[in-house]
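# Survey of secondary and tertiary structure
Here is what each chain is made of, one letter per residue.
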Amino acid sequence: MVLSGHGCFGYYKRRFALSDTDACAYCGECDTTIHTVFACLRWRYQRKGVEEKLGRALTVESMVALMVESEDNWRTEGDYLGVVTRRKEEDERHVNVNLRAEIRRGLRQRR
């Protein structure tokens, strides 16, 4: 999903009317796959760990080449993408749960 741009990315969700904004929940930039994987400050430490394991910078240009270079690289990048995606989804669920609770509280207060 990450490589195709589908999933928990603001740009994707806004494009399909699943959200009214394409802003990254962590930094406010336009939340695309490229932003999340290569630029978002929220994931800088995870990205740095991947780059240390790979011995090279993780860039748009190098990502696929590094993945197919070895099974270890494939696993390292896959683990990074999995962690980022799962965490974004968990954070989004948490926000939605809190939002629903606030809405319920507001509805109860109006009664």
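What you see is a predicted model, and the numbers here were worked out from it, not measured in a lab.

### Thoughts on the packing of aromatic side chains
As enumerated under the stated definition, the model contains one aromatic pair in all. Between Tyr26 and Trp43, the aromatic rings sit 5.5 Å apart at their centres with planes inclined by 85 degrees, giving edge-to-face as the arrangement. One end of the pair, Tyr26, is in the loop between α1 (10–15) and α2 (33–39); the other, Trp43, is in the loop between α2 and α3 (44–54), with 17 residues separating them in the sequence. Take Tyr26: its relative accessible area is 30%, and that puts it in the partly exposed class. Over the ring of Tyr26 we find Arg42; its NZ or CZ atom is 5.5 Å from the centre of that ring. Between Arg42 and the ring centre of Trp43, over which it is positioned, the NZ or CZ distance is 4.2 Å.

### Side note on a nonpolar patch on the surface
Taken together, the side chains of Val64, Val68 and Trp74 define a hydrophobic patch exposed on the protein surface, amounting to about 340 Å² of accessible area. Relative to the helices and strands, Val68 resides in helix α4 (residues 63–69). The class for Val68 is exposed, based on a relative accessible area of 62%.

### Here we look at the pattern of salt bridges
Under the defined criterion, the tally for this structure stands at four salt bridges. In this structure, Glu69 and Arg56 form a salt bridge, with 2.5 Å as the shortest nitrogen-oxygen distance. Of this pair, Glu69 sits in helix α4 while Arg56 is found in the loop between α3 and α4, placing the two residues 13 residues apart along the sequence. Residue classification places Arg56 among the partly exposed positions, given a relative accessible area of 40%.

### Description of the environment of Thr33
Mapping Thr33 onto the fold places it in helix α2. For Thr33, a relative accessible area of 15% corresponds to the buried category. Once the C-alpha coordinates of Thr33 and Phe9 are considered, the two residues, 24 residues apart in sequence, prove to be 6.5 Å apart.

### Comments concerning the environment of Cys27
On the secondary structure map, Cys27 appears in the loop between α1 and α2. Since its relative accessible area comes to 35%, Cys27 is described here as partly exposed. It is 7.2 Å that separates the C-alpha atoms of Cys27 and Cys40, two residues lying 13 residues apart in sequence. When residues no more than four places from it in sequence are discounted, the contact partners of Cys27 are His35 and Cys40.

### Quick look at the side chain of Thr76
Structurally, Thr76 is set in helix α5 (residues 71–110). If sequence neighbours within four positions are ignored, Thr76 has contacts with Val50, Lys53 and Leu54.

Calculation criteria
- Residues numbered from 1 in each chain as written.
- Predicted model: local features only at pLDDT ≥ 70, side-chain atom pairs only at ≥ 80, totals over all residues.
- Heavy atoms only, no water.
- Phe/Tyr/Trp six-rings, centres within 6.5 Å; stacked < 30°, edge-to-face > 60°.
- Helix = DSSP H or I, 4+ residues; strand = E, 2+ residues; numbered from the N terminus.
- Buried < 20%, exposed > 50% of the residue type's maximum accessible area, 1.4 Å probe, protein only.
- Lys NZ or Arg CZ within 6 Å of the ring centre and 35° of its normal.
- Patch = residues over 30% accessible without salt bridge, like charges linked within 9 Å, V, L, I, M, F, W, Y side chains within 5 Å.
- Areas by Shrake-Rupley, 256 points an atom, 1.4 Å probe, with all protein chains shown as cover.
- Salt bridge = Lys/Arg side-chain N within 4 Å of Asp/Glu carboxyl O.
- Contact = heavy atoms within 4.5 Å.

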